[in-house]
Amino acid sequence: MSQDLHNFVTQYLPEIEDTLFKNLPVSHQPGTHRFNDALYYVIFPGGKRWRPLFTLLGGMIAGAAPQALYPAACAIEYLHSSSMIIDDLPAMDDADLRRGKPCLHVAYDESTALLVSLGLMNQSYSLLALTCQKSGHSRMAGRLITHAVDCIGGDGMIGGQVVDLKLRGNRLVNDVLVSRNLKTTALMGLMMTAGAIAANAYEEEIAVLSKFGEALGMAYQIYDDLLDESGEVEAIGKPLKQDARHRLPNFVSAYGSCGARKMAAQLISDANADIEAKFGNCREVRLLAAAAEMIAASHNLSLLSGKFALISAS
């Protein structure tokens, strides 16, 4: 990690953690302690919080003040956690480990897991609206929430999960594989654009940020496929060979390990070039590039060494 990126993480991560804690959608009704405990279980200690950190950078590069962006950063982490809860359920990927500990439905039960997922998703919309208010552009709340719904809905994360289930046992076609990976890319597109939309940024700026997020999401998914094939449970904190178990095609089965790794590296290189071409060589651009390249390097390190390294962002 570069010194500048380390300084950025050190400066902003404590406030992210505090925002996540303060905004948990806990229930104050009698008899809801199990639900509240489950909320804490799934959010803390969490991963490396790359998604909320990227959310801050995406907004800051478009001119938003960091203090206005914490609610959006929190919303993205809640949405990510919500999607992981659903992804791990027996009816979906049927996983039992996440981040090195039992999945929420294993530690508690499926009903609690579903309600926690819904609670986190519901809270995220309120936090996105709050981001617009704090940015001084309350009128953008409707647009941002609509954009979030699109990223989460039938042509976003949910649609990606539908395709994921449909693909099992089928032969791969590239367009369908891209649709399957909407589970990752759609949320990362929102991650990069939420702050910019809240700050009423120019359309071309939002478009470039969205493209960066989607490219990073696709690269991340490719590295995740590589780890699923060749990693170690201790390194990635979740079960291996999930795609093979579900007879699910992925980038490795389509392009081979070498081809998949080259594709991921090219996606990150192109995304970094596009963002610099639009916004120049400012600090936020350099931090975005450093973070993207570090995520790639840490995934590759995990493949080589079997160590947890820096990849617990999944």
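As shown above, the structure is provided for reference.
Structural notes, computed from the coordinates.

The rules we used
Residues numbered from 1 in each chain as written. Predicted model: local features only at pLDDT ≥ 70, side-chain atom pairs only at ≥ 80, totals over all residues. Heavy atoms only, no water. Helix = DSSP H or I, 4+ residues; strand = E, 2+ residues; numbered from the N terminus. Buried < 20%, exposed > 50% of the residue type's maximum accessible area, 1.4 Å probe, protein only. Contact = heavy atoms within 4.5 Å. Expected span 1.5 Å × (residues − 1). Bend = angle between axes of the 7 residues up to and from the residue. Polar contact = N/O pair within 3.5 Å; in protein donor to acceptor, adjacent residues only side chain to side chain. Salt bridge = Lys/Arg side-chain N within 4 Å of Asp/Glu carboxyl O. Phe/Tyr/Trp six-rings, centres within 6.5 Å; stacked < 30°, edge-to-face > 60°. Lys NZ or Arg CZ within 6 Å of the ring centre and 35° of its normal. 1 Å grid on protein atoms, 1.4 Å probe; cavity = no way out; pocket = protein on both sides within 12 Å on 5 of 7 lines; lining within 4 Å. Points joined across faces, edges and corners; volume = space filled by probe spheres on them. Nonpolar A, V, L, I, M, F, W, Y, C, P; charged D, E, K, R; others polar.

### Here we look at the overall build of the protein
Along the backbone of the protein there are 15 helices and 2 strands. Considering the protein as a whole, with its 314 residues, one finds that 56% of them fall into the buried category. Across the protein, the fraction of contacts at a sequence separation of at least 24, relative to all contacts at a separation of at least 6, is 74%.

### Here's the deal with helix α1 (residues 3-22)
Over its 20 residues, α1 runs 29 Å from end to end, which matches the ideal 28 Å to within 8%, given 1.5 Å per residue. Within α1, the axis deviates most sharply at Y12, by approximately 35°, and proline P14 lies no more than four positions further along. Along α1, the positions that sit buried rather than exposed are L5, F8, V9, Y12, I16, T19 and L20.

### Side note on helix α6 (residues 110-134)
Look at α6: 36 Å from first C-alpha to last across 25 residues, which is about the 36 Å you get at 1.5 Å a residue. Two or three places before S111, at the start of α6, stands the capping residue D109, its side-chain oxygen 3.2 Å from that residue's backbone nitrogen. Just downstream of α6, G136 is the residue with a positive phi angle, here 85°.

### Remarks on the pattern of salt bridges
Considering all chains together, one arrives at 11 salt bridges under this definition. Between E17 and R49 there is a salt bridge, with the nearest N and O atoms lying 2.6 Å from each other. Taken together, the residues span a long stretch of sequence, with E17 in helix α1 and R49 in the loop between α2 (33-43) and α3 (50-61) at a distance of 32 residues. We note a salt bridge from R99 to E77, for which the minimum N-O separation is 3.7 Å. On the criterion of sequence distance, the pair formed by R99 in the loop between β1 (97-98) and β2 (101-102) and E77 in helix α4 (residues 66-88) is long-range, its members being 22 residues apart. A single burial state applies to R99 and to E77, both of which are buried.

### Section: the side chain of T19
Here T19 lies in helix α1. You can call T19 buried: its relative accessible area is 8%. A polar atom in the side chain of T19 sits 2.7 Å from the backbone oxygen of E15. If we ignore the near neighbours within four places in the chain, the residues touching T19 are Y70, P71, C74 and Y78.

### Looking at the packing of aromatic side chains
According to the stated counting rule, one finds 7 aromatic pairs in the structure shown. A centroid spacing of 5.9 Å and a plane angle of 55° characterise the contact between F21 and Y40, whose relative ring orientation is tilted. Taken as a pair, F21 in helix α1 and Y40 in helix α2 lie far apart in primary sequence, 19 residues in all. We classify F21 as partly exposed; its relative accessible area is 46%. Aromatic rings pair up to connect F21, Y40 and F44 into one cluster. The ring of Y220 has R51 lying over it, and the distance from NZ or CZ to the ring centre is 5.3 Å.

### Notes on unusual backbone geometry
Omega for the peptide link from F44 to P45 comes to 5°, which places this bond in the cis form. Notably, R49 is not glycine yet its phi reads approximately 60°, a positive angle. Unlike most non-glycine residues, N200 shows phi in positive territory, near 60°. Among the structural elements, N200 can be located in the loop between α10 (182-198) and α11 (203-230).

### As for empty space enclosed by the protein
As enumerated under the stated definition, the model contains 2 cavities of 30 Å³ or more in all. The volume enclosed by the second largest cavity comes to roughly 30 Å³. Within the residue set of the lining of the second largest cavity, elements represented by two or more residues are α1 and α3. Residue composition of the lining of the second largest cavity, by class: 8 nonpolar, no polar and no charged.

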